[in-house]
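Residue-level structural notes
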Amino acid sequence: MENCKIMPTPVDSKSKLSANDGAPVSDPTLYRSLAGALHYLTFTRPDIAYAVQQVCLFIHDPRESHFAALKHIIRYVKGTLDFGLHLYPSGPNQATCLHGCDWAGCPDTRRSTSGYCVFLRNNLISWSAKRQATLSRSSAEAEYRGVANVVAEICWLRNLLLELQCPLRKASIVYYDNISAIYMSHNPVQHQRTKHIEMDIHFLREKVACGQVKILHVPSSYQYADIFTKGLPR
């Protein structure tokens, strides 16, 4: 594919992959090898994290449509060889995180996809695009489960910097665009509809109450974490 056509985005924004979409590929080993190579590339290319996560979901039984999506990523990488992470010298004064969620986005299991990115000042240091392990019955539940994972990542990062004698003095800020989930993180009243995510609620409220984390709203148009949860247009 050295002379392949270049694509402007890493994944098609119109369709989502399904487990039984198309005929099985003729060479599953090649599919797994390419998917593994692209997975390593995500260590410095967060822009392809969601697309690679999608093709890796079907690595046990790849189909032709999955292989087409994988080659779509390669065509995108071909046109963006100069892309990568830019790291700048700065003091670790504050960690900022953006979190997004695609509720019930998987066409086979209806599980949600969570994505987040963590910045230390202007440096992107951690990110994730992952399908949730359990089914969520509302968008607020999916968002809340996802943001609990983000806060766990931030707590680990704060402890790491503390051990390195560079503690974070300010509360870490988490931005996301679901009003209901933000309300639940501040409201101390337990509702019947939230009992099944009570552990996540208590964990997050504890971190908010002790001043380690602040949960703030961000408009969807400024939600950078959406690149980790869905295919977006150019």
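Everything in this summary refers to the structure shown in the same document.

What counts, and at which threshold
Residues numbered from 1 in each chain as written. Predicted model: local features only at pLDDT ≥ 70, side-chain atom pairs only at ≥ 80, totals over all residues. Heavy atoms only, no water. Axes fitted to C-alpha atoms, helices over the stretch in contact; angles between N-to-C directions. Helix = DSSP H or I, 4+ residues; strand = E, 2+ residues; numbered from the N terminus. Parallel < 35°, antiparallel > 145°, perpendicular 65-115°, else oblique. Left-handed = near helix turned anticlockwise from the far one by under 90°. Contact = heavy atoms within 4.5 Å. Nonpolar A, V, L, I, M, F, W, Y, C, P; charged D, E, K, R; others polar. Salt bridge = Lys/Arg side-chain N within 4 Å of Asp/Glu carboxyl O. Buried < 20%, exposed > 50% of the residue type's maximum accessible area, 1.4 Å probe, protein only. Polar contact = N/O pair within 3.5 Å; in protein donor to acceptor, adjacent residues only side chain to side chain.

Some points on the packing of helix α2 (residues 49–56) against helix α3 (residues 64–79)
Packed helix pairs are specified by the crossing angle of their axes together with the interaxial distance, meaning the distance between the axes. For the pair α2 and α3, interaxial distance at closest approach is 10 Å and the crossing angle is 155 degrees. As summarised for this structure, α2 and α3 are arranged roughly antiparallel, according to the angle between their axes. Between α2 and α3 lies a crossing whose hand is left-handed. Facing α2, whose interface residues are Ala 51, Val 52 and Val 55, α3 presents His 66, Ala 69, Leu 70 and Ile 73. Each residue belonging to the contact of α2 with α3 can be placed in one class, and the counts come to six nonpolar, one polar and no charged.

What to know about the pattern of salt bridges
For the coordinates displayed, the defined rule picks out four salt bridges. A salt bridge links Asp 102 to Lys 16; its shortest N-O distance comes to 2.5 Å. Here Asp 102 is found in strand β1 (residues 95–102), whereas its partner Lys 16 is found in the segment before α1 (28–41), with 86 residues between them in sequence. What makes Asp 102 buried here is its relative accessible area of 12%. With a shortest N-O distance of 3.1 Å, Arg 63 and Asp 61 are connected by a salt bridge. In this structure Asp 61 comes out as partly exposed when scored by relative accessible area, which is 29%.

Considering the side chain of Arg 63
With respect to the element layout, Arg 63 can be found in the loop between α2 and α3. A residue is classified by how much of its surface remains accessible, and Arg 63, at 14% relative accessible area, is buried. A polar contact of 3.1 Å, which involves the side chain of Arg 63, links it to the side chain of Asp 61. Excluding residues within four positions of it along the chain, Arg 63 makes contact with Ala 19, Asn 20, Asp 21, Gly 22, Ala 23, Pro 24 and Val 25.

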